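Chain by chain, the residues run as shown.
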Protein chains: 2
Amino acid sequence: MTRYSEQTKLLLAIDCIIFGFDGENIKLLIIKRGMAPEKNKWSLMGGFAGPREDTDQAATRILKQLTGMEGIYMEQLRAFSDPSRDPEERVISLVYYALIDLRQYKEQITEEYHPAWVPLKEIPELIFDHQQMVQEALRTLRYKAALHPVIFELLPDKFTLPQIQMLYSCVYDIEFDKRNFSRKLLSTGLLVKQKEKDRINSKKGAFFYKLDKSKYKDKFRSFLNFVPNADSFMM
Amino acid sequence: MTRYSEQTKLLLAIDCIIFGFDGENIKLLIIKRGMAPEKNKWSLMGGFAGPREDTDQAATRILKQLTGMEGIYMEQLRAFSDPSRDPEERVISLVYYALIDLRQYKEQITEEYHPAWVPLKEIPELIFDHQQMVQEALRTLRYKAALHPVIFELLPDKFTLPQIQMLYSCVYDIEFDKRNFSRKLLSTGLLVKQKEKDRINSKKGAFFYKLDKSKYKDKFRSFLNFVPNADSFMM
């Protein structure tokens, strides 16, 4: 073992993957990179970890600096560290990700660095290994959503069954059978039917539901049944 | 955004958490640290990421250097980055972990740096935030083992029901009811009963079983039922 002073110091980048659900689509937040190399190419929200902050704080600072967005809980995905991933210099990137209700944050976005929300199917070419980062984050998200009702957090306080189905269809890029999906969903016992109907989105109207949050923990297992081939999302 | 040359470079440490199952206990591999600060205190296997290797390679190199162990697949846990975690200097640590069959690797260990296997309940005080790293790795392990038959990999090719029960008891630190456990285990359809009995560990003998690996993927869900309060291990 050798001394600290003999060790090579490295640049540590933080890259943030922000997925947003707008009620119909899941979108990814990207930005035009402001420095060389690859200046003006599409990139994740990125920056470098500073000397006096932990990496969670760095991720929060970078996201705020580039977009104005605050109060978003991001989770670590993993470090990407191929020695040739950045042509300029050796940079290890620690990747964070989050899934948010886009409607809730849309107003927060500042335009200074021209951030853009793009649907998952229309993501342009991204710099370095950012495309791979997004794919892995999406995989992790699908895995978690199959096991926990995490993505329910993206729905408004009161929601309809078609709204949930839309959300699950977006996350898994799968068309669900409407009747089957509703039946499985209701069988979890997690939803509390309300008296009012949503009559804006259909003539017939669809009943509103609320989530019984007290049952979250006990019932999460039922969510396994939602997703066909959930195994394929397993790590 | 600023240029690379204006950014602070940091030391990136790699710490490896190796859990080993010896048939009766799960043990943690620790070592006496060979440099200041905290020289000669108990530590995880650690070192610094070099300039021309990715972090997976660094973890493999460090583990081999300190213990002689090779061929172990380690997974990233997460980065630990409290600015004051190492009193000497700002060091971010990327933590890796693995669970191995200790009996298979025992011969491989070199004594140069005095590595030691200690039962989970007898872990001495560890340097820095290493104790917290171990607790998080254990939590992640329990989570994964509740969802996937990963820990079956630790059993010999042919094994008995008491052997599996011992393994699960170790991972979860729980006493399982013998009959209940066997019933749930067999109901997964994952085990293939053999004709021979193990007569070494009991007079009456216990039938050997083999794992039907082709059913791994389809059947993983059944494993949820093994663990009481699996929810509490959920992230």
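Residues numbered from 1 in each chain as written. Chains lettered and ligands numbered in written order. Predicted model: local features only at pLDDT ≥ 70, side-chain atom pairs only at ≥ 80, totals over all residues. Heavy atoms only, no water.

## A word on helix α1 (residues 55-67) of chain B
Over its 13 residues, α1 of chain B runs 18 Å from end to end, which matches the ideal 18 Å to within 8%, given 1.5 Å per residue. The complete set of buried residues in α1 of chain B reads Thr55, Ala58, Ala59, Ile62, Leu63, Leu66 and Thr67 of chain B. Along α1 of chain B, the residues classed as buried sweep out an arc of 125° about the axis, all on the same side. Where α1 of chain B is buried, its residues contact β6 (91-101) of chain A together with β1 (11-21), β2 (26-32), β4 (45-48), β5 (75-80) and β6 (91-101) of chain B. With a side-chain oxygen lying 3.1 Å from the backbone nitrogen of Asp56 of chain B, the N-terminal cap of α1 of chain B falls on Asp54 of chain B. (Helix = DSSP H or I, 4+ residues; strand = E, 2+ residues; numbered from the N terminus. Expected span 1.5 Å × (residues − 1). Buried < 20%, exposed > 50% of the residue type's maximum accessible area, 1.4 Å probe, protein only. Arc of directions from axis to C-beta. Contact = heavy atoms within 4.5 Å. Polar contact = N/O pair within 3.5 Å; in protein donor to acceptor, adjacent residues only side chain to side chain.)

## As for the side chain of Asp101 of chain A
All names here are of chain A. Locating Asp101 in the fold gives a position in strand β6. What makes Asp101 buried here is its relative accessible area of 13%. Aside from chain neighbours lying at most four places away, what touches Asp101 is Phe21 and Leu154.

## Brief notes about the pairing of strand β2 (residues 26-32) of chain A
All names here are of chain A. By the criterion of burial, β2 is predominantly enclosed, with six of the seven residues buried. As judged from the three bridges shared by strand β1 (residues 11-21) and β2, these two strands associate in the antiparallel manner. Looking at β2, one finds that Phe19 is bridged to Leu28. By the bridge criterion, two bridges tie β2 to strand β3 (residues 42-43) in an arrangement that is antiparallel. For Lys32, the partnering residue across the bridge sits in β3 and is Trp42. (Pairing = 2+ DSSP bridges.)

## Looking at the packing of helix α4 (residues 161-172) of chain A against helix α5 (residues 178-187) of chain A
All names here are of chain A. Where α4 meets α5, the closest approach of the two axes is 10 Å, and the angle between their N-to-C directions is 100°. Taken together, the axes of α4 and α5 are roughly perpendicular relative to one another. Two secondary-structure elements touch here, α4 through Leu161, Ile164, Gln165 and Tyr168 and α5 through Lys178, Phe181, Ser182, Leu185 and Leu186. Class assignment of the residues belonging to the contact of α4 with α5 gives a composition of six nonpolar, two polar and one charged. (Axes fitted to C-alpha atoms, helices over the stretch in contact; angles between N-to-C directions. Parallel < 35°, antiparallel > 145°, perpendicular 65-115°, else oblique. Nonpolar A, V, L, I, M, F, W, Y, C, P; charged D, E, K, R; others polar.)

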